[in-house]
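This is what each chain is made of:
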Amino acid sequence: MSLDVPAALLERAESGPVSDEEFVECVRTSLPYAYDVVSRVASDLRTGTAEFADNDVAPPDETARGQLLRAMASDSIRGSLERHFGIKLAFQNCHRVAAFPLASVGGDTYSTFISTRAQLLNQSPELRNC
């Protein structure tokens, strides 16, 4: 299961839409490692001068790795985090999460990062089973 959904939130979802804020809070508490990684790269993007900010540190354990993979693999989780932080996320391997300004989507740096070439060049034997 990806998320630990509080009963009250589940009841609201059964009767209609829930807010992004409620959903992001559920993600934050259910997938704290993933939320922290995204929060950190979003903050690094806002405070830095680089065209993007990324995490290149492998998760400390399998639980953290699983959280990150679940967050990045779910369109609804990933999309809610993007809206919450006002960024576009890109993902490579088991841990390389990058935050881009929304205006850079389609630009050279973003397109290079998400290219098949970049994915191939970002491979290593250590990441084979990540």
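Residues numbered from 1 in each chain as written. Predicted model: local features only at pLDDT ≥ 70, side-chain atom pairs only at ≥ 80, totals over all residues. Heavy atoms only, no water.

## As for the confidence of the model for the chain
Point 1. Scored by pLDDT, the chain comes out at a mean of 91, with 94% of its residues at no less than 70.
Point 2. Least confident of the elements in the chain is helix α7 (residues 116-121), whose mean pLDDT is 83; most confident is helix α3 (residues 32-47), at 98. (pLDDT = per-residue confidence, 0-100. Helix = DSSP H or I, 4+ residues; strand = E, 2+ residues; numbered from the N terminus.)

## Focus: the packing of helix α2 (residues 20-30) against helix α5 (residues 75-85)
How two helices sit against one another is set out by the angle between their axes and by the gap between those axes.
Point 1. Taken N-terminus to C-terminus, the directions of α2 and α5 make an angle of 115°; their axes are 10 Å apart at the nearest point. With respect to α5, the element α2 is oriented roughly perpendicular. Read as a crossing pair, α2 and α5 show a hand that is left-handed. Across the interface between the two elements, Asp20, Phe23, Val24 and Val27 of α2 pack against Ser76, Ile77, Ser80, Leu81, Arg83 and His84 of α5.
Point 2. A per-class count over the contact of α2 with α5 returns five nonpolar, three polar and two charged. (Axes fitted to C-alpha atoms, helices over the stretch in contact; angles between N-to-C directions. Parallel < 35°, antiparallel > 145°, perpendicular 65-115°, else oblique. Left-handed = near helix turned anticlockwise from the far one by under 90°. Contact = heavy atoms within 4.5 Å. Nonpolar A, V, L, I, M, F, W, Y, C, P; charged D, E, K, R; others polar.)

## Things to note about the nonpolar core
Point 1. In terms of nonpolar packing, the biggest core is built from 25 residues, with Val38, Ile77, Leu81, Ile87 and Val97 touching the most fellow members.
Point 2. Only α2, α3, α4 (62-73), α5, β2 (87-92) and β3 (96-101) provide two or more residues apiece to this core.
Point 3. Aside from chain neighbours lying at most four places away, what touches Ile87 is Val38, Ala42, Leu45, Glu82, Ala99, Phe100 and Leu102.
Point 4. Within the second largest apolar cluster, five residues are counted, among which are Ala90, Ala98, Tyr110 and Phe113. (Core = buried A, V, L, I, M, F, W, Y, C linked by side-chain atoms within 4.5 Å. Buried < 20%, exposed > 50% of the residue type's maximum accessible area, 1.4 Å probe, protein only.)

## Observations concerning the packing of α3 against α4
Point 1. Viewed as axis vectors pointing N to C, α3 and α4 meet at an angle of 65°, and their least axial separation amounts to 7 Å. By the criterion of interaxial angle, the relationship of α3 to α4 is roughly perpendicular. Like other packed secondary-structure pairs, α3 and α4 cross with a definite hand, here right-handed. Between α3 and α4, the residues in contact are Pro32, Tyr33, Ala34, Val37 and Val38 and Ala64, Gln67, Leu68, Ala71 and Met72, respectively.
Point 2. Residue composition of the contact of α3 with α4, by class: nine nonpolar, one polar and no charged.

## Quick notes on the pairing of β3
Point 1. Of all six residues that make up β3, five are buried, and the element is covered over most of its length.
Point 2. Sheet analysis places strand β1 (residues 53-55) next to β3, joined by three bridges and oriented antiparallel. Its bridge partner being in β3, Asn55 is matched across the sheet by Val97.
Point 3. Note that β2 and β3 share six bridges and pair antiparallel. Looking across to β3, one finds that Phe91 is bridged to Val97.
Point 4. Taking the residues between adjacent antiparallel strands as the criterion, β2 and β3 are bridged by three residues, where Asn93 takes a positive phi near 55°. (Pairing = 2+ DSSP bridges.)

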